[in-house]
Amino acid sequence: MRKWLLRPESYSLAKALRFAILGPPTDYAFDWRWAFDPLADALREAGASVDAIPWTATVSFSDYDLVLPLVAWGYHNHYPH
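Because the structure is a prediction, the values reported are computed rather than measured. (Residues numbered from 1 in each chain as written. Predicted model: local features only at pLDDT ≥ 70, side-chain atom pairs only at ≥ 80, totals over all residues. Heavy atoms only, no water.)

(A) Representation of helix α1 (residues 33-45) within the structure. When the terminal C-alpha atoms of α1 are compared, their 17 Å separation across 13 residues agrees well with the 18 Å that a helix rising 1.5 Å per residue should span. Three or more residues of α1 are buried, namely Ala35, Phe36, Ala40 and Leu43. All buried residues of α1 lie within an arc of 100° about the axis, which places them on one face of the element. Opposite its buried face, α1 presents the exposed residues Trp34 and Glu45, each directed more than 90 degrees away. Residues of α1 that are buried sit in contact with β1 (18-23) and β2 (49-54). At the C-terminal side of α1, Gly47 shows a positive phi close to 100°. (Helix = DSSP H or I, 4+ residues; strand = E, 2+ residues; numbered from the N terminus. Expected span 1.5 Å × (residues − 1). Buried < 20%, exposed > 50% of the residue type's maximum accessible area, 1.4 Å probe, protein only. Arc of directions from axis to C-beta. Contact = heavy atoms within 4.5 Å.)

Pasting the structure below:
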């Protein structure tokens, strides 16, 4: 039976990858780093580059290998976006 475990040798898959993690807008009133920091730290430890990007920002994601939403942050308050 094969067990699927994340082993240190598999971390090399993240090396040189660039991740954008979508978070709340800069004026968001509550702390959200509790969700971002452990994820970003694990990816960085594996050698990846990680940027926190507000989901309301107008940016080009073409330089990123993967764009991840962190969690839902008040989308219902920003219908036009």
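(B) Quick look at the nonpolar core. Formed by Phe19, Ile21, Trp32, Ala35, Phe36, Ala40, Leu43, Ala48, Val50 and Leu70, the largest nonpolar core amounts to ten residues. Elements with a minimum of two residues in this core: β1 and α1. Here this core takes four residues from α1, the largest share from any one element. Grouped together as the second largest cluster of nonpolar side chains are five residues, Ala20, Leu22, Ile53 and Trp55 included. (Core = buried A, V, L, I, M, F, W, Y, C linked by side-chain atoms within 4.5 Å.)

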